[in-house]
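Fold and contact review
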Amino acid sequence: MTLWERPAPVSDALATLLGRTRAQILVSLAQPATTADLAGRLDVTAGAVSQHLGVLRACGLVSTSRSGRTVLHLRTDRGDHLLG
């Protein structure tokens, strides 16, 4: 992993609210990313990322779209607002 691929720091308040991994995922989704991309950036399993994305999606903080065989995740306006 290179310096520019490291996840952005997460505030303690956001980590307390969402959990550190979910907060890191939400911060990382400023740009669309796949589950595998997020897993690599955050050094967690793809299965764990998928579970966290499911919770974030259920809360309306993340949206997921499919383009062919690629599935991309992105923060929603609600997610942006929470981070703002």
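Check the entry above for the structure.
1. Things to note about the overall build of the protein
Each helix and strand in the protein was counted, giving five helices and two strands. When its helices and strands are written in sequence order, the protein yields α-α-α-α-β-β-α. When the 84 residues of the protein are sorted by exposure, 31% land in the buried category. Considering only residue pairs separated by 6 or more positions, the protein has 45% of its internal contacts joining residues 24 or more positions apart. For the protein, the accessible surface area stands at approximately 5,300 Å², while carbon and sulfur atoms represent 53% of it.

2. Describing the environment of Val-55
Examined against the element boundaries, Val-55 turns out to sit in helix H4 (residues 46–58). The class of Val-55 is partly exposed, set by a relative accessible area of 33%. Between the C-alpha atoms of Val-55 and Leu-18, which are 37 residues apart in sequence, the distance is 9.8 Å.

3. Some thoughts on the environment of Asp-12
In this structure, Asp-12 sits in helix H1 (residues 12–18). Taking relative accessible area as the criterion, Asp-12 reaches 57% and is therefore assigned exposed. Sequence spacing of Asp-12 and Ala-23 is 11 residues, and the spatial spacing of their C-alpha atoms is 9.5 Å.

4. With respect to the pattern of salt bridges
Counted according to the given criterion, the structure contains one salt bridge. A salt bridge links Arg-75 to Asp-80; the nearest nitrogen and oxygen atoms lie 2.6 Å apart. By relative accessible area, Arg-75 is classed as buried at 17%.

5. A closer look at the packing of helix H3 (residues 35–42) against H4
Interaxial distance between H3 and H4 falls to 9 Å at its minimum, and their mutual angle equals 110 degrees. Classified by the angle their axes make, H3 and H4 are roughly perpendicular. In the packing of H3 onto H4, the handedness of the crossing is right-handed. When H3 is examined against H4, the residues Thr-35, Leu-38 and Ala-39 are found in contact with a partner set consisting of Ala-46, Val-49, Ser-50 and Leu-53.

6. Overview of the environment of Val-62
Relative to the helices and strands, Val-62 resides in strand E1 (residues 62–67). By relative accessible area, which is 3% here, Val-62 ends up buried. Separated by 18 residues in the primary sequence, Val-62 and Asp-80 have C-alpha atoms spaced 9.5 Å apart. When residues no more than four places from it in sequence are discounted, the contact partners of Val-62 are Leu-26, Leu-29, Leu-53, Leu-56, Arg-57, His-73, Leu-74, Arg-75 and Thr-76.

Analysis parameters
- Residues numbered from 1 in each chain as written.
- Predicted model: local features only at pLDDT ≥ 70, side-chain atom pairs only at ≥ 80, totals over all residues.
- Heavy atoms only, no water.
- Helix = DSSP H or I, 4+ residues; strand = E, 2+ residues; numbered from the N terminus.
- Buried < 20%, exposed > 50% of the residue type's maximum accessible area, 1.4 Å probe, protein only.
- Contact = heavy atoms within 4.5 Å.
- Areas by Shrake-Rupley, 256 points an atom, 1.4 Å probe, with all protein chains shown as cover.
- Salt bridge = Lys/Arg side-chain N within 4 Å of Asp/Glu carboxyl O.
- Axes fitted to C-alpha atoms, helices over the stretch in contact; angles between N-to-C directions.
- Parallel < 35°, antiparallel > 145°, perpendicular 65-115°, else oblique.
- Left-handed = near helix turned anticlockwise from the far one by under 90°.

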